[in-house]
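Here are the chains, one letter per residue:
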Amino acid sequence: MNTELSQELLSFIKNSPTAFHTVNNIEKTLCNNGYTELSESNTWNIQPDGKYYVKRNDTSIIALNVGKDISRYCFNIVASHSDYPAFKIKEKPEIEVKNKYVQLNTEGYGGMICYSWFDRPLSVAGRVVVKDGNRLKNCLVNIDRDILIVPSMAIHMNRQINDGYAFNKQVDTLPLFGGSRMSKGDFDEMIAGELGVDKSDIYGKDLYVYNRMEGTIWGENQEFISAPHLDDTECVFASLKAFISGSNEHAVNVYACFDNEEVGSMSKQGAGSTFLYDVLRRLNWALGKTEEDYYCAVASGFMISADNTHAVHPNHPEKTDVENCVYMNEGIVIKSQAGQKYTSDAVSVAKFKDICAKAGVPVQFFANRSDEAGGSTLGNISASHVSINCVDIGLPQLAMHSSYETGGTADIEYLVKALHCFYGE
């Protein structure tokens, strides 16, 4: 089995411990392929056959590949998300325990599987705002060494641990940072040292705990890939590969990566914001198009909402629908839900099936059990601002929202091929 793309994905994940780093790595790829940054606070100059991108909050990014002939054009959009469930470090980070331990004070971001964070090497990464003369400067930080662990309680002290346990995030999941030699203030001192600044110059922090375990390709036939935050970095990576390689003379190809999907998308940089709407409207104006042109481009366009989904669990096949269930390495998944948590309908499903047929890629179909509530994703939220035909898709995986997730190595290539074909439509 060809695992070249999987190895490339693992490298991308290793270098993207937070949404800030993910977007920074996307930006580097775009710049290396001739894309020019646009600032939301400046007037835009956009030309046919141009390549552009715009960021918001450094955790969301939208890239635009404008066709050569856009006398009558449409939008081809693929959306994914940069965030994943983790522990965010509070502003005052240290908690001292009997003058012998120092813990980090954290809170949960998104719906993580708590027990998966225990007894493994962890570290800290994110964004720090630093005072630099008369201005404030954003700095990325990644403590690239093992500095934390969340220790389990011994079974002798909790005999019921294997019978089910309700974790208290203010008590059970606080990571151990140091021993009696450490005290309050040492955490910010460490961050300042990494950045080469004085601790007093740190004016703001968005820092997260991340899993240090490196990803791996495994199985007798190398058919599985396991790594932190496959959901949704797998789709982020695959759609970026397809976007860079695809082109369309009569369309504006759009690559959208949003933040905050794991907490509902209702932020200034989430799919529930006006970010996509703002970018598409401003693009239309900058090209000298009319408002009528914009609505025509939306109505004739198409969006693929790409976010991973649940494969059948080998120990619990009863948890998925008896027929509308999916397996790793058997193709891209089209997701549907009667209540429109997934936006797929007959028209958008048919369109995506046709794209996959042209690309020579297999498809599968997922629906939740009728007696189980499923999650929502990007498509229906984005469509509330940009009313465009949309299909929800993803790649099948196990252990979604664990700190270490598992997918299939063949599926990554399937997604790149299908989205490359879509961007050429």
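Just so you know, these numbers come straight off a predicted model, no measurement behind them.

Engineer: Describe the overall build of the protein, with residues and values.
Structural biologist: Check the secondary structure of the protein and you find nine helices and 20 strands. The buried share of the protein, taken over its 425 residues, is 54%. Within the protein, contacts between residues separated by at least 24 positions form 77% of all contacts whose residues are at least 6 apart in sequence. When the accessible surface of the protein is summed, it comes to about 18700 Å², and 47% of that surface belongs to carbon and sulfur atoms. The protein carries 38 positive and 54 negative side-chain charges, and their two centres are separated by 5 Å.

Engineer: Tell me about the packing of helix α4 (residues 230–245) against helix α9 (residues 409–423), and please be specific about residues and values.
Structural biologist: Angle between the axes and distance between the axes: these two values describe a pair of packed helices. Between α4 and α9, the shortest axis-to-axis distance is 8 Å and the interhelical angle comes to 40 degrees. Comparing their axes, α9 and α4 come out oblique. When you trace α4 past α9, the crossing you get is right-handed. For the pair formed by α4 and α9, the contact residues are E234, C235, F237, A238, S239, K241, A242, F243 and S245 on the first element and I412, L415, V416, L419, H420 and Y423 on the second. Here the residues of the contact of α4 with α9 are counted per class, giving 10 nonpolar, three polar and two charged.

Engineer: Quick one: what's the story with the layout of surface pockets, residue by residue and with numbers?
Structural biologist: Its boundaries defined by the atoms lining it, the largest pocket holds a volume of some 960 Å³. Taken together, the elements giving at least two residues each to the lining of the largest pocket come down to β15 (309–310) and β19 (396–398). Estimated volume of the second largest pocket: approximately 580 Å³. Around the second largest pocket, the lining is made up of 19 residues, and of these F118, P151, S152, M153 and D172 lie nearest the centre.

Rules used in this analysis
- Residues numbered from 1 in each chain as written.
- Predicted model: local features only at pLDDT ≥ 70, side-chain atom pairs only at ≥ 80, totals over all residues.
- Heavy atoms only, no water.
- Helix = DSSP H or I, 4+ residues; strand = E, 2+ residues; numbered from the N terminus.
- Buried < 20%, exposed > 50% of the residue type's maximum accessible area, 1.4 Å probe, protein only.
- Contact = heavy atoms within 4.5 Å.
- Areas by Shrake-Rupley, 256 points an atom, 1.4 Å probe, with all protein chains shown as cover.
- Lys, Arg positive; Asp, Glu negative; His and termini not counted.
- Charge placed at Lys NZ, Arg CZ, Asp CG, Glu CD.
- Axes fitted to C-alpha atoms, helices over the stretch in contact; angles between N-to-C directions.
- Parallel < 35°, antiparallel > 145°, perpendicular 65-115°, else oblique.
- Left-handed = near helix turned anticlockwise from the far one by under 90°.
- Nonpolar A, V, L, I, M, F, W, Y, C, P; charged D, E, K, R; others polar.
- 1 Å grid on protein atoms, 1.4 Å probe; cavity = no way out; pocket = protein on both sides within 12 Å on 5 of 7 lines; lining within 4 Å.
- Points joined across faces, edges and corners; volume = space filled by probe spheres on them.

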